[in-house]
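Chains, contacts and geometry: an overview
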Amino acid sequence: MKTLSEIEKCWKEQKEASDGAVALNEAVLSELIRSGIKKEQKMVWEYCIASGFWQWLVYASMIHFIVRFWGDWEFMILCLAVIFLYIPFTGMFINKFRHMRELKFNNPDLQSKDIYVALKTQQKALNDFFNFKKHFDWLNIPVCCAVIVMILYKHGMIPSIGDNLYPGMIVFLIYVSLFITAIYFENRKRFKAPLKKLEMIIREMEEDGSSGV
Amino acid sequence: MKADLKNEFLNNLNQHTGIIHRVCNSYFRDYTERQDVFQEIVYQLWKSYAAFNNESKFSTWMYKVALNTAIQHIRKDRRTIQKDPINDLSLRIAVVEERAYSNDDMKMLYAAINTLTDVDKAIILLYLDEYSYDEIAIITGITKTNVSVRLVRIKKKLEDKLRNNQR
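Keep in mind the model is a prediction, meaning the values are calculated, not measured. (Residues numbered from 1 in each chain as written. Chains lettered and ligands numbered in written order. Predicted model: local features only at pLDDT ≥ 70, side-chain atom pairs only at ≥ 80, totals over all residues.)

**Some thoughts on the overall build of chain B**
Scanning chain B from N- to C-terminus turns up 9 helices and 0 strands. Helices (α) and strands (β) of chain B occur, in sequence order from the N terminus, as α-α-α-α-α-α-α-α-α. Of all 167 residues assigned to chain B, the portion counted as buried reaches 43%. (Helix = DSSP H or I, 4+ residues; strand = E, 2+ residues; numbered from the N terminus. Buried ≥ 20, exposed ≤ 12 C-beta atoms within 10 Å, placed from the backbone.)

**Topic: the overall build of chain A**
Summing up its helical and strand segments, chain A has 6 helices and 0 strands in all. Each helix (α) and strand (β) of chain A, taken in turn from the N terminus, gives the series α-α-α-α-α-α. When burial is assessed residue by residue, chain A has 15% of its 213 residues classed as buried. A separation threshold of at least 6 residues defines the contact pool for chain A, and within that pool the share at least 24 residues apart is 68%. (Contact = placed C-beta atoms within 7 Å.)

**What about the domain arrangement of chain B?**
Many analyses report the size of an interface as the accessible area lost when the parts associate. Residue and element names in this part refer to chain B. Looking at chain B, the domain boundaries give domain 1 (1-102) and domain 2 (105-167). With 14 residues of domain 1 at the interface, the matching set in domain 2 holds 12 residues. Secondary structure elements with two or more residues in the side of domain 1 that touches domain 2: α2 (17-27), α4 (58-74) and α5 (87-102). The biggest single contributor to the side of domain 1 that touches domain 2 is α4, with 6 residues. Each residue belonging to the side of domain 1 that touches domain 2 can be placed in one class, and the counts come to 8 nonpolar, 3 polar and 3 charged. (Domains from an automatic or database assignment. Nonpolar A, V, L, I, M, F, W, Y, C, P; charged D, E, K, R; others polar.)

**So, the nonpolar core**
Generally speaking, soluble globular proteins have nonpolar side chains that are buried together. Residues and elements named next belong to chain B. With 53 residues, the main nonpolar core has Val-23 and Ala-66 as its most contacted residues. The greatest single-element share of this core, amounting to 8 residues, is contributed by α4. Per-domain counts for this core show at least three residues from each of domain 1 (1-102) and domain 2 (105-167). Beyond its immediate sequence surroundings of up to four residues, Ala-66 is in contact with Ile-19, Ile-20, Val-23 and Ile-41. (Core = buried A, V, L, I, M, F, W, Y, C linked by C-beta atoms within 7 Å.)

**Focus: helix α3 (residues 31-48) of chain B**
For α3 of chain B, which comprises 18 residues, the first-to-last C-alpha distance of 26 Å matches the rise-based estimate of 26 Å (1.5 Å per residue) to within 8%. Among the 18 residues that make up α3 of chain B, 14 are buried, leaving the element largely enclosed by the rest of the structure. (Expected span 1.5 Å × (residues − 1).)

**Side note on unusual backbone geometry**
Residues and elements named next belong to chain B. A positive phi angle, close to 65°, is found at Glu-130, a residue other than glycine. Along the chain, Glu-130 falls in the loop between α7 (118-128) and α8 (133-140). Its 11 C-beta neighbours within 10 Å are what place Glu-130 among the exposed residues.

**Let's talk about the environment of Leu-116 of chain B**
Residue and element names in this part refer to chain B. Turning to its location among the elements, Leu-116 is positioned in the loop between α6 (104-114) and α7. Judged by C-beta crowding, with 20 C-beta atoms within 10 Å, Leu-116 ranks as buried. Separated by 10 residues in the primary sequence, Leu-116 and Leu-126 have C-alpha atoms spaced 14 Å apart. Those residues in contact with Leu-116 that sit more than four places away from it in its chain are Lys-121, Ile-124, Ile-154 and Lys-157.

**Details of the environment of Trp-138 of chain A**
Residue and element names in this part refer to chain A. Inspection of the secondary structure assignment puts Trp-138 in helix α5 (residues 115-154). Residue classification places Trp-138 among the exposed residues on the basis of 8 C-beta atoms within 10 Å. When the C-alpha positions of Trp-138 and Phe-185 are compared, they lie 16 Å apart, and in sequence the two are 47 residues distant.

Printed below as a string of structure tokens:
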């Protein structure tokens, strides 16, 4: 049986053989940089679409309603009110999103930091954005669902609001639960799982006061 | 200017590409994933190169970037990982991988390292590459005392694992 020290010797031999074994040339490096940029852009775009999906849905629906029901002033003012209510939150959302994106994709200095600091920085940014998103969703979900119910009322798919309030409320609650379920799975995949993994590594590093920070 | 920077970067990088191999082999079992992470690490190194200020050795800085990239990659959803290896580079990586894995002892050692936690993998990798406790502490961000305590535990774990594998 080989001991660890014998295997360490073997490691050293392999180390010498592998250092410099893959000599990259300029053409390969250029191709690699292009491919890296393309991947990053794709990821930023996916993040943008996923994070802002509900907002774009609200804006698109409201604009559609204004055009579709042009002349119905009561309804148009309601749609405009929703848009104006949403604008400051979208501004905040974009700011938070930009901050997280900058940290994730445009922060060459971060990768050069020690592992503990890099992990802590990433965790803080992700956690901040997630907390903000959670609060934002509390506003987002009811508004989106109310918009859907309004569409259904307007298209006569459910009886008029004055005559029958309950069908509208039931539809509203069904949509709220569907949205909550969708957001729950989305948050679990994009925020909760990565945060859990990050926290696990950080906790391990902080065990017995091991972190140097 | 940019061409000079590229050449300087390539010169430095080509002397230490083994670091990227060792990090990839220790953190990822899947061959395609290792290739993907290899490329990701080179890209991150290039992106961060402007921030490299020669305060530390190139290889120490390279280890920081490589380990941070690998640990970050682990957190990615497996389904979202894009596997589009660059052919020429893939072939060269394959040759080195073949060499590393043709040796049974190395195969066994990597299999044993693979079972460690992400932090322990980083520590043992740096130890095997003969970094001092101070350097390991700087790269990982944990204290020197803890590096030594952890190393005792890691070595014990590895020895147990190797013993079991050889039985």
